[in-house]
Structures are given as structure tokens and as C-alpha cells.
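Listed here are the chains, written in short residue letters.
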Amino acid sequence: MRVTATDPRESLRLVGARVLSWGVALKVRLRELIYDLYERRLRRQLAGAPRPKHVGVILDGNRRWAKEAGFDADYGHRAGARKIADFLGWCREADVDVVTLWLLSTDNLSRSSREVDSLLEIIAGVVEEITQPSKPWQVRIVGALDLLPTEIAARVSAAALRTEGRTGMQVNVAVGYGGRREIADAVRKLLQQHAEAGTTIEELAEVLDVDHIAEHLYTSGQPDPELLIRTSGEQRLSGFMLWQSAHSEFWFCETYWPAFRRVDFLRALRNFATRHRRFGS
């Protein structure tokens, strides 16, 4: 260790700073090594285990993560946005067929206009990023786009349209989404369809069942989610996929979304694999 200061006290300070720096670097490296070993262990445990074909995620905790780090909400939302492409890659590696990401609820739209405008711009950028030609998945926008600014709705719709025909994993991006609103929209579409066909209310009431409503949900044609993940420690659905989650398995993670790691996802898959699914019984 070379120290150039001539003052003995300054030399000691420099030496101490170097030792502290090396100690921090060693701690970080050891932590990375531990995570690497843990991840390998999880992968071995998942070998041959059942996997969910549809995973829904409530990406929660961006603002709290930013606040605890001393930053504003925008910083947290941008950090969370950068995590999405990584997560989709993990899902693809795990042979997941469908992923639903809840990025913006109808309730979120009531926040301050400055935060909502910034968040919508971030979301539009994320959708444009994950729909680039180099990405293998097909993207569908689910939610009440009529609640969004016209420009944002047009951007995310156009980006998703570019992925039509891709045969890879299906990715639902829930924007302006609320579970109650989705069910109401499905019933409205169902009534309009039968009204156009000349079906009377009495005739519809005779044949109406759950499958008729399911056919008009935002996720029509897709399997219901087998696994729902919520980050940040909150243990509630907050209206996410109310209809589709009737038989889903839930996994609540304490980690805020921007800090969500591959090992957290693998732990969720491991937990899912150990459950005996009874489908409500």
C-alpha cells in the first residue's frame, strides 16, 4: 500500500480510507458470491418441478424504495421500469407462456397530475422498449385506454401492434387497469354483442354463464394466471385480475420492485412448485 501524504496523521487517515474501501468491496463481492450460490441451489431445486404458465405481477414499492433511498418518486418509477425487461427474460427462461404486468391502476390516475404525467411517459417508454424488433414476445395492452391521454394511448397501442404475429411469450401490460372496471367492461361488451344480434334480455338470462363473461375480459383467449406475485410486502390484490385470480396461487414478497432479483423470482417459483393446488376446494 503506497501512501504519499507526509503528515503521519494524514497517512493514517489515507490508510484507513483504503482499508475501508477494500472492506466494502470485499463485502459486496461476498454478497454477490452468496447470491450466485443461492441461485444455483434454487435452480437445482426447480429442475423438473411444475411451473406456472401464466404469471401476474403487481409491481409495487417504486415510490417507497425511492423515498428510503432519498430520491423522488420519478427516480423510483424509472428504476422499476428498468427492471421489467430483466424480469421478462427470467420468465422466458422459466418457460412461462403469459406474463401480466400491472403498471398503472385506475386509482393511480387520481394522484397529482405531475406524477401521473411523468409515470405515463415512463410507461410509454417501457412499452416501446419491450416491443422492439429484437424482443421475442407479443405484447397486449389491457386496461381502459380511454382513461389515458390520447397521445399516450396511441403510443402504447402502436407499440403493441408491432408485435402482432410474434410467436413467443405473451406479455399483457395493464395500464389504466382496474379489476372491477374490467368486469363491467366485459358485461357491457356482452350486452352490446347480444343486442346487435337481436337477443332479448330474457333469452340472454337463460343461457348466460361465467364463460360468456370470460370471453369478453381483457385477457380473453388466455389461460388464467396460476401464480400472482406482489412485491413490497403488501398482502392484497387491490383489484388486480379479480375474475381471473379465482384459483391463482399468491406469493407476497417483502422486496420493493426496483430491488427485485432473479433469486426472488426463483423463490416464488419454488414456492409455487411445493403447493398442492386444490382449485378452491
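Residues numbered from 1 in each chain as written. Predicted model: local features only at pLDDT ≥ 70, side-chain atom pairs only at ≥ 80, totals over all residues. Heavy atoms only, no water.

Where an unreviewed UniProt entry is consulted, the protein appears under the name Isoprenyl transferase, with the organism given as Halopolyspora algeriensis. Turning to the protein, the UniProt record has this under Function (unreviewed entry): "Catalyzes the condensation of isopentenyl diphosphate (IPP) with allylic pyrophosphates generating different type of terpenoids." (UniProt positions renumbered as here; feature names shortened; annotations may be inferred.)

(A) Spotlight on the UniProt feature "active site" (unreviewed entry) in the protein. Summarizing the sequence annotation, UniProt attributes the feature "active site" (unreviewed entry) to D60 and N108 in the numbering used throughout. Look at the named residues: they lie 49 residues apart in sequence, but the longest C-alpha span between them is just 11.9 Å, so in the fold they bunch up. Lining the largest pocket, out of the annotated residues just given, are D60 and N108. Along the polypeptide, D60 turns up in the loop between β1 (54–58) and α2 (62–69). Apart from the residues lying within four places of it in its own chain, the contact partners of D60 are R230, T231, S232, E234, Y256 and W257. A distance of 3.0 Å separates a polar atom in the side chain of D60 from a polar atom in the side chain of R230. Relative to the elements of secondary structure, N108 occurs in the loop between β2 (98–105) and α4 (113–130). (1 Å grid on protein atoms, 1.4 Å probe; cavity = no way out; pocket = protein on both sides within 12 Å on 5 of 7 lines; lining within 4 Å. Helix = DSSP H or I, 4+ residues; strand = E, 2+ residues; numbered from the N terminus. Contact = heavy atoms within 4.5 Å. Polar contact = N/O pair within 3.5 Å; in protein donor to acceptor, adjacent residues only side chain to side chain.)

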